[in-house]
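# Remarks on the overall topology
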Amino acid sequence: MRDGTLLSVDNVSIYFNRNLKVVNSISFDVDKGEIFGVVGESGCGKSVTAAAVMGILPQNAHYEGEIYFEGKRLSALTAEQRRGLRGNRISMIFQEPMTSLNPVLTVGYQIAEVLMAHRGMSKNDAMARAAELLGDVKIPSPALRVRDYPHQMSGGMRQRVMIAMAIACNPALVLADEPTTALDVTIQAQVLRLLRGIQEKFNMSVVLITHDLGLVSENAGRVAIMYAGRIMESADTATLFKHPVHPYTIGLLNSIPKGRHIPLVPIPGFVPRPDSLPEGCKFSDRCGYVEKRCKEAEPALIEIEKGHLNRCILNDKVVS
Amino acid sequence: MNLMEVRGLKKYFQMRSGLLSKPHQVRAVDGVDFTIDENKVFAIVGESGSGKSTVARLLLRLIEPQEGDVLFKGTDVLTLKGDSLKAYRRSVQIIFQDPFASLNPRMKIYGALSEPLKIHRTVPKSEYRERVRGMLQRVGLDSDVMERYPHEFSGGQRQRICIARALMLGPELVVADEPLSSLDVSIQAQILNLLIHIKEDIGLSFLFISHDLSVVQYFSDKIAVMYLGKIVETGETEELFDNPMHPYTQMLIESVPRIIGAAKAGQTPHRAEDPAADTPSPSEIPEGCPFHPRCGKRFTPCTTIVPEPQQRNGRLISCHLYAND
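Residues numbered from 1 in each chain as written. Chains lettered and ligands numbered in written order. Predicted model: local features only at pLDDT ≥ 70, side-chain atom pairs only at ≥ 80, totals over all residues. Heavy atoms only, no water.

### Considerations on the overall build of chain A
- Looking only at helices and strands, chain A has 11 helices and 12 strands in total.
- Taking 20 Å as the expected radius of gyration for a compact globule of 320 residues, we find that chain A reaches 21 Å, a close match to that expectation.
- Overall, the C-alpha framework of chain A stretches about 65 × 50 × 35 Å when taken along its three principal axes.
- Taken across its 320 residues, chain A has 55% of its residues classed as buried.
- Intrachain contacts of chain A at a sequence separation of at least 6 include 64% that bridge at least 24 residues. (Helix = DSSP H or I, 4+ residues; strand = E, 2+ residues; numbered from the N terminus. Rg over C-alpha atoms; globule rule 2.2 N^0.38 Å. Buried < 20%, exposed > 50% of the residue type's maximum accessible area, 1.4 Å probe, protein only. Contact = heavy atoms within 4.5 Å.)

Below, the structure is given as structure tokens:
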């Protein structure tokens, strides 16, 4: 592991019900203080990967391979030690602020709970700190709003509360799983600006999981494109959007309307389910450049330039 | 020629927040005017709570307005009854956002697509199968899907089925309420291209309701921007994107994350707005201009006087910045 690496996901495969493989040996590193984007469509395995890092995979799922955080092998930790990381050194922001806050507790108490659990603060101190955190996430009159219940807040405010909760213990890593998908576009811009400000101030690392290429382009330093439980392409953001090489990445970019007179070129077919993936390259049945050998063996993820990984046998041909 | 004309449309809902509390009014749609031209795509964009879906429901007479006129080819839609209402509903059809919730799970695809024909008796029963097969082909599905149930299909395929159902009676206007929002990026583009082909093929008009500005920019000819029950700006799509005039339209367009391959990686473009400002709830619409608490350009009249829509460079705009005097 390199110096400056905070999180290292090493050859991780995730299985449901023992044998349904939804993530297939993915590897990536997240450096200290960087925003790493993970982009993919529904079912590509991006959220379960975050759940594995957080240690909150459902009962019927398990992972193979190794995840290292601050040099520690997570699988070697006891349940107690993992609990000590969760919400403390690693925290998570979920997509749905409606369903991820407890409706019968005040937002202040829900933030204070994190501090009482990990910092051993008294309830009074924790509540006072919760109010400060609400101020940090730019909620107006925080001293009053700590006593609000989630239903008294708008979606954007609830997501700010989620952020306050996530940063309460000054984590090294925040996993943000579609943090703004449920929000309106103007509120999304506000919430992201806020998250970016906090990330820079505390030099946190963020894994930004999203389906929105624009969001990643504006916020992440490096990005991995996932499809069918695999990383298809990965590079620093500027390279990936300027010189995408994988046909799936190119297909995604061509699927986004860019202006009135630029025709859309959709990817044909539909997103496959993990139990019915094609032979060979998993994108081969939707790919416009498919050849016979694509069906024969799955291509490996290889480095085509420094820091630019690609999983396609047509590396040289498809440079757009 | 204009196909549909909407004037002063209002819909207020009575809401109670608790069992004993006093009912209060939610002004979901508060005086909206627009016209939809023939063979054109008219888009309404807005964020949640702006009233855009309520407008769609009002036009279809799924709910009744408090006030206002809706004219379809010159006929008053709001007074239609019986057979003439049925005829109107043949001409105006709807596609909903969630293709999972808008197909009956117990009905085979053939049943779902032939039901409009049964209700409206436009063709003899012997032709149903042929009609359904032809329509499925048009939306890019094989005819063997007829004997299958909705749960066997992906979201994109279900949305194709919903589009087919909306087209069964040969409508002139299709209201599409967020038809892409529940779909994956790669599938959205497929459905968008399908809608464009259909529009060119059979000469349809669309009322396209969306919160996604890039989709609207691609598909629509004319746009109305809604904010808290009012249209703040209406204009031709290209002009509106090139030169947004209303501060809210400007904020909306600036907020869309764009792919900036050329820019320095990880750099957010500067956007000016108070980060604490939040969209007010439609039950507590601010006095004066509804946008003023979030507006960076507000001045004296904005907090007290509601701006009236005015013509400016072919645009209809409700903002004191563009007042005539």
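### Thoughts on the overall build of chain B
- In terms of helices and strands, chain B carries nine helices and 12 strands.
- Over its C-alpha trace chain B gives a radius of gyration of 21 Å, about what one expects of a compact globule, namely 20 Å for 325 residues.
- Each principal axis of the C-alpha distribution contributes one length, and for chain B these read about 70 × 55 × 45 Å.
- Counting over 325 residues, chain B shows a buried share of 54%.
- Put simply, chain B shows about 14700 Å² of open surface, and 48% of that area lies on carbon and sulfur atoms.
- Side chains of chain B carry 39 positive and 40 negative charges; the gap between the two charge centres is 6 Å. (Areas by Shrake-Rupley, 256 points an atom, 1.4 Å probe, with all protein chains shown as cover. Lys, Arg positive; Asp, Glu negative; His and termini not counted. Charge placed at Lys NZ, Arg CZ, Asp CG, Glu CD.)

### Some remarks on the packing of helix H3 (residues 107-119) of chain A against helix H6 (residues 155-167) of chain A
Residues and elements named next belong to chain A.
- Put simply, H3 and H6 touch, their axes get as near as 8 Å, and they point 20 degrees apart. In terms of their interaxial angle, H3 and H6 are classed as roughly parallel. For the element pair H3 and H6, the recorded crossing hand is right-handed. Contacts between H3 and H6 involve Val107, Gln110, Ile111 and Val114 from the former and Val161, Ala164 and Met165 from the latter.
- For the contact of H3 with H6, the residue count by class is six nonpolar, one polar and no charged. (Axes fitted to C-alpha atoms, helices over the stretch in contact; angles between N-to-C directions. Parallel < 35°, antiparallel > 145°, perpendicular 65-115°, else oblique. Left-handed = near helix turned anticlockwise from the far one by under 90°. Nonpolar A, V, L, I, M, F, W, Y, C, P; charged D, E, K, R; others polar.)

### Some thoughts on the interface of chain B and chain A
- Between chain B and chain A, the residue contacts involve 47 residues of the former and 47 residues of the latter.
- Approximately 3900 Å² of surface area, both sides summed, lies buried where chain B meets chain A, with 53% of it carried by carbon and sulfur atoms.
- Among the residues of chain B in contact with chain A, Val185(B), Tyr218(B) and Ile259(B) are the three that bury the most area, contributing 16% of the side total.
- At the surface where chain B touches chain A, the tally comes to zero salt bridges. (Buried area = accessible area lost by both parts, 1.4 Å probe. Salt bridge = Lys/Arg side-chain N within 4 Å of Asp/Glu carboxyl O.)

### A short note on the sheet that holds strand S10 (residues 230-236) of chain B
All names here are of chain B.
- Taken together, eight strands build an open sheet; the order of strands is S6-S7-S8-S3-S9-S10-S12-S11 and the sheet is mixed. In this open sheet, the two strands that pair with only one neighbour each are strand S6 (92-95) and strand S11 (310-312). Adjacent strand axes in the sheet meet at a mean angle of 20 degrees, parallel and antiparallel pairs treated alike.
- Sheet topology note: the strand S3 (residues 41-45)/strand S9 (residues 222-227) ladder contains four bridges and is parallel. Residue Phe42 lies in a different strand from S9, and its bridge partner there is Lys222.
- Running at roughly 50 degrees to S6, helix H2 (residues 82-91) makes contact with S6 and strand S7 (173-177) of the sheet.
- Sitting on the sheet, helix H5 (residues 155-167) touches S6 and S7, and the angle it makes with S6 is about 170 degrees. (Pairing = 2+ DSSP bridges.)

### A word on the packing of helix H3 (residues 109-120) of chain B against helix H4 (residues 128-138) of chain B
Residues and elements named next belong to chain B.
- Look at H3 against H4: their axes get within 10 Å of each other, and the N-to-C directions meet at 115 degrees. Crossing angle aside, the handedness with which H3 passes H4 is right-handed. Here Ile109, Tyr110, Leu113, Ser114, Leu117 and Lys118 of H3 lie close against H4, whose contacting residues are Tyr128, Arg129, Arg131, Val132 and Leu136.
- Per-class residue counts for the contact of H3 with H4 are seven nonpolar, one polar and three charged.

### Concerning the domain arrangement of chain A
Residues and elements named next belong to chain A.
- Segmenting chain A into domains produces domain 1 (5-220) and domain 2 (246-320).
- One C-alpha centre belongs to domain 1, the other to domain 2; they are set 30 Å apart.
- Each partner contributes to the interface: domain 1 provides seven residues, whereas domain 2 provides nine residues.
- Roughly 690 Å² is buried in total at the junction of domain 1 and domain 2, and carbon and sulfur atoms are behind 64% of that figure.
- Sorting the residues of domain 1 by area buried against domain 2 places Leu20, Glu41 and Leu213 first, and these three jointly supply 61% of that buried surface.
- Along the contact surface separating domain 1 from domain 2 lie zero salt bridges. (Domains from an automatic or database assignment.)

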